[in-house]
Amino acid sequence: RYLWNPAALYYAAVKGRDLTFRELYDHLEKFVTSKTRRYWMCVRVKRGVADSNQPGSTGQPQVYFEGAVAILRRLMEDQQRRGQQTQQ
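Residues numbered from 1 in each chain as written. Predicted model: local features only at pLDDT ≥ 70, side-chain atom pairs only at ≥ 80, totals over all residues. Heavy atoms only, no water.

A. Main features of the packing of helix H1 (residues 4-16) against helix H3 (residues 35-46). Where H1 meets H3, the closest approach of the two axes is 9 Å, and the angle between their N-to-C directions is 60°. On the basis of their axis angle, the class for H1 and H3 is oblique. For the pair H1 and H3, the crossing hand works out as right-handed. Seen from H1, the contacting residues are Trp4, Asn5, Ala8, Leu9, Ala12, Ala13 and Gly16; seen from H3, they are Arg37, Met41, Arg44, Val45 and Lys46. Within the contact of H1 with H3, the residues separate by chemical class into seven nonpolar, two polar and three charged. (Axes fitted to C-alpha atoms, helices over the stretch in contact; angles between N-to-C directions. Helix = DSSP H or I, 4+ residues; strand = E, 2+ residues; numbered from the N terminus. Parallel < 35°, antiparallel > 145°, perpendicular 65-115°, else oblique. Left-handed = near helix turned anticlockwise from the far one by under 90°. Contact = heavy atoms within 4.5 Å. Nonpolar A, V, L, I, M, F, W, Y, C, P; charged D, E, K, R; others polar.)

Listed below in structure tokens is the structure:
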């Protein structure tokens, strides 16, 4: 639940490598019904691309998602360790 938006941006960034802005916008409709939200997702993954009418995307959402997953894994490991310590 907490990672839905970062995961969606990750997916959009991957698809954006092969799709134009408009193609990506249309493709994301399957997952994001809000036109405004879909537009801003495309803006985020196409930001910094010289021509958004060409395939290409930024990898920034991918890095953020991978970082968020790493943080959550660390938090889960810490919780498990604390649980084991209280059982001893």
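B. Highlighting a nonpolar patch on the surface. On the surface, Trp4, Tyr11 and Phe31 cluster together into a nonpolar patch covering about 310 Å² of accessible area. With respect to the helices and strands, the residue Tyr11 is situated in helix H1. (Patch = residues over 30% accessible without salt bridge, like charges linked within 9 Å, V, L, I, M, F, W, Y side chains within 5 Å. Areas by Shrake-Rupley, 256 points an atom, 1.4 Å probe, with all protein chains shown as cover. Salt bridge = Lys/Arg side-chain N within 4 Å of Asp/Glu carboxyl O.)

C. Quick look at H3. Taking 1.5 Å of rise per residue, the 12 residues of H3 would be expected to cover 16 Å, and the 16 Å separating its terminal C-alpha atoms lies within 8% of that figure. Looking only at H3, the buried set comprises Arg38, Met41, Cys42, Val45 and Lys46. The buried residues of H3 occupy an angular sector of 120° when projected down its axis, which confines them to one face. Backbone geometry just after H3 places Gly48 at a positive phi near 90°. (Expected span 1.5 Å × (residues − 1). Buried < 20%, exposed > 50% of the residue type's maximum accessible area, 1.4 Å probe, protein only. Arc of directions from axis to C-beta.)

D. Region of the structure containing the environment of Glu66. Tracing the backbone shows Glu66 in helix H4 (residues 60-87). Sequence separation between Glu66 and Lys46 is 20 residues; the distance between their C-alpha atoms is 19 Å.

E. Inspection of the packing of aromatic side chains at higher detail. Inspection of every chain in the model, using the stated rule, returns three aromatic pairs. On the basis of an interplanar angle of 75° and a centroid distance of 5.3 Å, the ring pair of Tyr11 and Phe31 is categorised as edge-to-face. With Tyr11 in helix H1 and Phe31 in the loop between helix H2 (21-27) and H3, this residue pair connects regions lying 20 residues apart in the sequence. Note on Tyr11: relative accessible area 32%, which makes it partly exposed. A centroid spacing of 5.8 Å and a plane angle of 65° characterise the contact between Phe21 and Tyr39, whose relative ring orientation is edge-to-face. Here Tyr39 lies in helix H3 and Phe21 lies in helix H2, a separation of 18 residues in the sequence. Phe21 gets classed as buried once you look at its relative accessible area, which sits at 17%. Its guanidinium or amino end placed over the ring of Tyr25, Arg38 lies 4.2 Å from that ring's centre, counting from NZ or CZ. (Phe/Tyr/Trp six-rings, centres within 6.5 Å; stacked < 30°, edge-to-face > 60°. Lys NZ or Arg CZ within 6 Å of the ring centre and 35° of its normal.)

F. Broad picture of the pattern of salt bridges. Taken as a whole, this structure holds four salt bridges when the rule is applied. Residue Arg22 pairs with Asp26 through a salt bridge whose shortest N-O separation is 3.3 Å. Residue Arg22 and its partner Asp26 are located together in helix H2, separated by four residues, close to a single helical turn. Relative accessible area serves as the criterion here: at 54%, Arg22 is assigned to the exposed category. Where salt bridges share partners, they join Arg74, Glu77, Asp78 and Arg81 into one cluster.

By themselves, these figures tell us nothing about what the structure is for.
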